[in-house]
Amino acid sequence: MLALLAVPCLTLLAAALPAAAATPAQHTARAGGAAEAGAPDTPALEIDAGWQSGRVLQRGQPLTLRGRAPGARRVGALLGAAAAEAEVIEGRFELCWPPQDAARDVDLIVATEAGQRLELVDLAIGDVWLIGGQSNACLPLADTGEAEALLAAPALELLRCWTVPARLSDEAPEEAQGHWTAVDARTAPGLAALALHFGQWRAAATGIPQGLIVAALADSTIEGWISKPALAADPELAPLISDYETALRELPEAQAEYRRRLAEFEAAERAALAAGRPAPRRRIQPPLGPDSYKRPWALFTGTIAPLGAERLAGVVWYQGESNATEAQLYPTRLRTLIADWRRNFGRADLPFLVVQLPGFGPRDPDPPRRHWARLREAQRRVVAGDAHAGLAIAIDLGAGEDMHPPHKRELGRRLAALAETLLHGAGPASSGPVPSTFEPRGGGCLVRFSGALGELRSRGELTGFELLDPAGTWWPAPAALAEGGVWVGPLGFEARAVRYAFCDQPASPLRDSQGRVASPFSSAADALEPGG
């Protein structure tokens, strides 16, 4: 049938096909793109490793397939019914297609006049999302207790997942590792829970295939996911490079000290267990070095840079726990990461969905530390200043002192709704009410909100609001719904600032009429500083 179509590349394809029809299995490329050679002395056709049978391609954006065809002069391809052709230059080629509509059960055939041929089957065209960050971004479904709910949900057949192994590197590999996986009862437990729930909600709402690329590493810091040139270009971040280079020079001595302290720690641990006392909780951290997952830029270079050819619908970013003690530095780092990834993926308007850290730790309205509260505020402020970003509020989804809360299904639902808003260009966006203005009045403050559906409401008593006095002390303040916002105070002094739910594990009574939880916040200029 191909030979009957008067299209140059299809004629090329038809000429490359063997006279006797072969089964699809004989011509299906393995993960990584290897395929059949033509004549015995002709090398095999190779394509980008990310192009695999069973993958999802991004709809509505131009598609590019790069590869190698040694010994060939031209290459032709059919992606479903869409044809493409390219010249082979020094053994390499680049095939381009215009934006494609969503589709399922798409096959790809690539062939050359030298007889090389490759086929991928069961491709889909839909939305492709990159889910990045640290452990909560890649927590397996099996560890959440929510597998049954996911597997009973509709549209799982529209999900495909690619878990990219996190690699540390100073030189970007040519290709990312890993393979695309269909989601079913057998594979789902080992895949990232947040990605699966997010993708399922999206697929059920749209009927469109969802490709989920997971690139995350437990306990990683944000600076590891930013490229070295981006760090070097920012005066606030450039010291991360020089500090790391200094650490490399001092590494032999630091390793010796680490081994000594580790031996002391392990001895104390054994003694505590033998005496029936609780063992020490904080282990000694190894020094920064080439193999340290807390070193700067290496995760970007080894893991994100090789994905640069992927066309994406957007990014989900769940990270911050490992940077919580440095909230004052986080806004610059998060803004830099967002801009850096947008450059890497070639889209200045690439949607970024930022998960605001959930509640963590004991519920104490006046805790000794507010690390996570400050990090949440940093995330809120960055998103508020980015027209293509969204904030998934998760303050009510914590699990006490468990740093890995299992409530990924509800978080996935919030992210899916947020994604729909951003894909229609309505950003910055949020999954619930966020403060928009602060109006001082008579010693108190009227806080107005954006992002609410309907009116503001309180689930129980409206608590958690505080006012800052002229001397720099925060005081609990009465609050009431008024004028479409929240009236806080007064307390008998001219308030300098107002904050809400500003502790690591706060109560969160403020909602909108749809029950969506409001973001914690602080209007204080120094809210991100220790003691702010």
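Residues numbered from 1 in each chain as written. Predicted model: local features only at pLDDT ≥ 70, side-chain atom pairs only at ≥ 80, totals over all residues. Heavy atoms only, no water.

Engineer: Requested: an account of the sheet that holds strand β23 (residues 497-500), with residues and values cited.
Structural biologist: Spatial ordering of the open sheet is given by β20-β19-β23-β25, a layout of four strands whose pairing is antiparallel. Single-partner strands in this sheet number two, and they are β20 (474-476) and β25 (521-522). Bridge count between strand β19 (residues 465-468) and β23: four bridges; the pairing is antiparallel. When the bridges of β23 are listed, Glu466 appears paired with Arg499. (Pairing = 2+ DSSP bridges. Helix = DSSP H or I, 4+ residues; strand = E, 2+ residues; numbered from the N terminus.)

Engineer: Which residues make up the side chain of Gln319, and what values do they have?
Structural biologist: With respect to the helices and strands, the residue Gln319 is situated in the loop between β12 (314-318) and α10 (330-344). In this structure Gln319 comes out as buried when scored by relative accessible area, which is 0%. A distance of 3.0 Å separates the side chain of Gln319 from the side chain of Gln134, its partner in a polar contact. At a separation of 2.7 Å, a polar atom in the side chain of Gln319 contacts the side chain of Tyr330. In this structure Gln319 touches Gly133, Gln134, Ser220, Thr221, Ile222, Tyr330, Leu357 and Gln379, once residues within four positions along its chain are discounted. (Buried < 20%, exposed > 50% of the residue type's maximum accessible area, 1.4 Å probe, protein only. Polar contact = N/O pair within 3.5 Å; in protein donor to acceptor, adjacent residues only side chain to side chain. Contact = heavy atoms within 4.5 Å.)

Engineer: Can you explain helix α12 (residues 408-423)? Please cite residues and give values.
Structural biologist: Counted at 1.5 Å a residue, the expected span for α12 with its 16 residues is 22 Å, and the 22 Å between its end C-alpha atoms agrees. Here α12 has its buried residues at Lys408, Arg409, Leu411, Gly412, Arg414, Leu415, Ala416, Leu418, Ala419 and Leu422. Remark: Gly425 follows α12 within two positions and exhibits a positive phi of approximately 75°. (Expected span 1.5 Å × (residues − 1).)

Engineer: Explain the pattern of salt bridges residue by residue, including any values.
Structural biologist: Pairing between side chains becomes possible if they bear opposite charge and their charged atoms approach one another. Following the criterion strictly, the structure yields 30 salt bridges and no others. A salt bridge links Asp127 to Arg59; the shortest N-O distance between them is 2.7 Å. Of the two residues, Asp127 is situated in strand β8 (residues 117-133) and Arg59 in the loop between β2 (56-58) and β3 (63-68); the sequence distance between them amounts to 68 residues. Note on Asp127: relative accessible area 1%, which makes it buried. Residue class for Arg59 comes out partly exposed when judged on its relative accessible area of 27%. For Asp122, the salt bridge identified is with Arg160, shortest N-O distance 3.3 Å. Of this pair, Asp122 sits in strand β8 while Arg160 sits in strand β9 (residues 159-163), and the two are 38 residues apart along the sequence. (Salt bridge = Lys/Arg side-chain N within 4 Å of Asp/Glu carboxyl O.)

Engineer: Mind laying out the packing of helix α5 (residues 193-206) against α12, listing which residues take part and the relevant values?
Structural biologist: At a closest axis distance of 8 Å, the pairing of α5 and α12 adopts a crossing angle of 50°. One finds that α5 runs oblique with respect to α12. Here the hand of the crossing between α5 and α12 comes out right-handed. Contact with α5, carried on its side by Ala193, Leu194, His197, Phe198, Gln200, Trp201, Arg202 and Thr206, involves Lys408, Arg409, Leu411, Gly412, Arg413, Leu415, Ala416, Ala419, Glu420 and Leu423 of α12 and no other residues of that element. Broken down by class, the residue content of the contact of α5 with α12 amounts to nine nonpolar, four polar and five charged. (Axes fitted to C-alpha atoms, helices over the stretch in contact; angles between N-to-C directions. Parallel < 35°, antiparallel > 145°, perpendicular 65-115°, else oblique. Left-handed = near helix turned anticlockwise from the far one by under 90°. Nonpolar A, V, L, I, M, F, W, Y, C, P; charged D, E, K, R; others polar.)

Engineer: Could you give an account of the packing of aromatic side chains, with specific residues and numbers?
Structural biologist: For the structure on display, the rule yields 12 aromatic pairs. Consider the rings of Trp51 and Trp97, whose centres lie 6.0 Å apart with planes at 25°: the pair is stacked. Taken as a pair, Trp51 in the loop between β1 (46-47) and β2 and Trp97 in strand β6 (residues 92-97) lie far apart in primary sequence, 46 residues in all. Look at Trp97 and you get buried, because its relative accessible area is 2%. Look at Tyr500 and Phe521: their rings are 6.0 Å apart centre to centre, the planes differ by 35°, and that puts the pair in the tilted class. Residue Tyr500 is found in strand β23, and its partner Phe521 is found in strand β25; the two are separated by 21 residues along the sequence. In this pair, the class of Tyr500 matches that of Phe521, namely buried. Grouping aromatic residues by their ring pairs yields a cluster made of Phe438, Phe449, Phe465, Tyr500 and Phe521. A cation over an aromatic ring shows up here: Arg295 above the ring of Trp297, its NZ or CZ 5.2 Å from the ring centre. (Phe/Tyr/Trp six-rings, centres within 6.5 Å; stacked < 30°, edge-to-face > 60°. Lys NZ or Arg CZ within 6 Å of the ring centre and 35° of its normal.)

These results come straight from atomic positions and should not be treated as a statement about function.
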